[in-house]
Amino acid sequence: MSNGVDSELRPRLCHILKWPDFQGYGFNLHAEKGKAGQFIGKVDEDSPASSAGLKSGDRIVEVNGVNIGNENHQQVVKRVKQGGDQTKLLVVDDETD
C-alpha cells in the first residue's frame, strides 16, 4: 500500500440522532467470523442510521470518540446506548479497511 491518501478511502463519522417516530437507530451490530471488531449488519431503510450515512458491512472504529478495537459485542452495544438519543460512530467500509 502506498503512503498516498486516496480522498475516497477514509473513515466516516456518522452522527446518528434518534427520531421521535422511529424506535432505535435502525441498525444492528454483528461480528464476522475470522475478522476482529464489530460490524454494521442490516441498516433499515428510512432510518436515523441510513440518514447518517451508515452502511451494511461498515466496521466500527470508535463509538462516541472511544476506540472499540478491543471491546466485545456487549461493550460496544453499551457504549452506543450510553449516548442516549444520539451516538457518533467512526466507521470504515471494507475497501477503506
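None of the values given here were measured: they were computed from a predicted structure. (Residues numbered from 1 in each chain as written. Predicted model: local features only at pLDDT ≥ 70, side-chain atom pairs only at ≥ 80, totals over all residues. Heavy atoms only, no water.)

**Student:** Would you explain the side chain of D58 in this entry?
**Tutor:** With respect to the helices and strands, D58 occurs in the loop between helix 1 (48-51) and strand 4 (59-63). On the accessibility criterion, D58 (1% relative accessible area) is buried. (Helix = DSSP H or I, 4+ residues; strand = E, 2+ residues; numbered from the N terminus. Buried < 20%, exposed > 50% of the residue type's maximum accessible area, 1.4 Å probe, protein only.)

**Student:** Looking at this model, I keep getting lost on the pattern of salt bridges. Mind explaining?
**Tutor:** Where charged atoms from two side chains of opposite charge come close, those side chains can pair. Overall, the coordinates contain 6 salt bridges when judged by the stated rule. Among the ionic pairs, D94 bridges to K35, the shortest N-O distance being 3.6 Å. Note that D94 is positioned in the segment after strand 6 (86-92) and K35 in the loop between strand 2 (27-30) and strand 3 (39-43), a separation of 59 residues in sequence. In this structure D94 comes out as exposed when scored by relative accessible area, which is 57%. Taking relative accessible area as the criterion, K35 reaches 40% and is therefore assigned partly exposed. (Salt bridge = Lys/Arg side-chain N within 4 Å of Asp/Glu carboxyl O.)

**Student:** For this particular structure, what's the right way to read the pairing of strand 3?
**Tutor:** Moving residue by residue along a regular strand, the side chains alternate between the two faces of the sheet. Most of strand 3 is tucked away, with 4 of its 5 residues classed as buried. Where strand 2 lies against strand 3, 3 bridges are found, and the strand directions are antiparallel. If you follow F27 over to strand 3, its bridge partner there is V43. (Pairing = 2+ DSSP bridges.)

**Student:** Would you mind going over the UniProt feature "domain: PDZ" (unreviewed entry) in the protein chain with me for this structure?
**Tutor:** Mapped onto this numbering, the UniProt entry gives "domain: PDZ" (unreviewed entry) at residues 25-95. Across residues 25-95, the secondary structure splits into 20% helix and 32% strand, with the terminal C-alpha atoms separated by 24 Å. (UniProt positions renumbered as here; feature names shortened; annotations may be inferred.)

**Student:** What should I look at first to understand unusual backbone geometry in this one?
**Tutor:** Most peptide bonds take the trans form, and the phi angle of most residues other than glycine is negative. A positive phi is found at D46, a non-glycine position, where the angle reads about 50°. With respect to the helices and strands, D46 occurs in the loop between strand 3 and helix 1. For N64, which is not glycine, the phi dihedral falls at a positive 50°. Judged by its relative accessible area of 34%, N64 falls in the partly exposed class.

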